[in-house]
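# Results of the structural survey
Spelled out from the first residue to the last, the chains are:
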Amino acid sequence: MSNENPIIAINVAKIANRPESYETMMKVGPKVCITTATNPGFMGFEQLIQTGIHPMAGRYGGGAVDMRETLNPIGMYQYTVWKDVHSHEQMHHDNFDTIFELCHHCLDMVIEGPWEPYYEIIKSDLPFLHAMTDVPEVIGDAFQHKIRIPKIALTGQRTIVLGDHWVMAGHEQAFENGAIETLSWMRANIPGMIGWMLLKQFGVSAIGSFQLDPEGNLKATLGANPPAYNTNYGNAVHDKPPIPPQTPTQYYVHIEWENSDFAHVGLGYTMVDYELRQIHNNGVLAHLDRGPYYVFLAPMMEQGMWRRKLKK
């Protein structure tokens, strides 16, 4: 790992966009979060639901920023933040029966997934999330002590844009430099941008992806009688991701905005601002095998204490 930041496991699935799915998420989701928090290496989470895509100046003619009513299936991205890989794998090992039963209740809404890669936080410029009740105290303290008031992201009142980039072999460092320069320029110049992270995939959790061994995959159960804890990589608790990282190397650009309008306009600067366009073209687009593909997401549930641990 290149820094001392926590790691993020992002569990990705596509789900049926219907009212029953959201009822299931609100019923099962909190129980999964409470179970996950049994491990001391667990640092927080973000549960995000897709609301649309960025059409990138007409590149994707069938997509729109707001597709909450029409997009089906819809993407669900569940970030869990950890001290290290071992903590995540240990949690799954120790709570396998409970997680299996809870997740089994969600299978009737899942179209594709789950798939749970690990990501290293290469660089972050995210603020700490303050709860709504903290805002007057923060502002009052700032006025009293003449402290500069930081940007405050309120839970559920922001738009998260996640950009998928697959980078050419040997171009990883050049891409990272270009992405950081691009995001730093945007943060300094574009209104409505709250902050960002650059994430690099370094492997995949087999058990988090429910890639069980053949017998476990084929066991007939409704969730109350789980199979034995086991995958094609065995039943040990891993210190490194058992499934290797994909090639070309995958990066996520995670950007937070005050709302979807700011996000839509802000990303467009990479195409219509001459200075930024040169930075982005040469530093990002020139190094890609695939992408970028940007999805718009809204927070459903979260525990943002992990942001206090991020290194700038």
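For the structure given in this document, a descriptive report is provided here. Fair warning: this is a prediction, and the values are worked out from it, not measured in the lab.

### Remarks on the environment of Ile 243
Turning to its location among the elements, Ile 243 is positioned in the loop between helix H6 (214–218) and strand E8 (249–257). A sequence separation of 39 residues divides Ile 243 from Val 204, and the C-alpha atoms of the two residues are 4.9 Å apart. Setting aside its immediate chain neighbours within four residues, Ile 243 contacts Trp 115, Gly 203, Val 204, Ser 205, Ala 206 and Tyr 233.

### Here's the deal with the pairing of strand E6 (residues 159–167)
Along any regular strand, the residues point their side chains to alternate faces of the sheet. With 8 of its 9 residues buried, E6 lies for the most part within the structure. With 9 bridges joining them, E6 and E8 adopt antiparallel strand pairing. Bridge pairing in E8 places Trp 166 opposite Gln 250. Where E6 lies against strand E9 (residues 288–303), 7 bridges are found, and the strand directions are antiparallel.

### A closer look at the environment of Gly 163
One can find Gly 163 in strand E6. Between the alpha carbons of Gly 163 and Ile 53 there is a distance of 9.8 Å; along the sequence they are 110 residues apart. When neighbours within four sequence positions are excluded, Gly 163 is seen to be in contact with Tyr 251, Tyr 252, Val 253, Tyr 293 and Tyr 294.

### Re unusual backbone geometry
Look at the link from Asn 72 to Pro 73: it is a cis peptide, with omega at 5°. With respect to the helices and strands, Pro 73 occurs in the loop between strand E2 (42–53) and strand E3 (74–82). Going from Gly 291 to Pro 292, the amide bond is cis rather than trans, its omega being 0°. Positionally, Pro 292 belongs in strand E9. Positive phi, close to 55°, is recorded for Phe 210, a residue that is not glycine.

### Some thoughts on empty space enclosed by the protein
In total, this model carries 2 cavities of 30 Å³ or more according to the counting rule given. For the largest cavity, the calculated volume is near 90 Å³. The element best represented in the lining of the largest cavity is helix H5 (residues 172–189), accounting for 4 residues. Grouping the amino acids of the lining of the largest cavity by side-chain chemistry returns 9 nonpolar, 4 polar and no charged. Considered as a void within the structure, the second largest cavity measures approximately 30 Å³ in volume.

About the cut-offs
- Residues numbered from 1 in each chain as written.
- Predicted model: local features only at pLDDT ≥ 70, side-chain atom pairs only at ≥ 80, totals over all residues.
- Heavy atoms only, no water.
- Helix = DSSP H or I, 4+ residues; strand = E, 2+ residues; numbered from the N terminus.
- Contact = heavy atoms within 4.5 Å.
- Buried < 20%, exposed > 50% of the residue type's maximum accessible area, 1.4 Å probe, protein only.
- Pairing = 2+ DSSP bridges.
- 1 Å grid on protein atoms, 1.4 Å probe; cavity = no way out; pocket = protein on both sides within 12 Å on 5 of 7 lines; lining within 4 Å.
- Points joined across faces, edges and corners; volume = space filled by probe spheres on them.
- Nonpolar A, V, L, I, M, F, W, Y, C, P; charged D, E, K, R; others polar.

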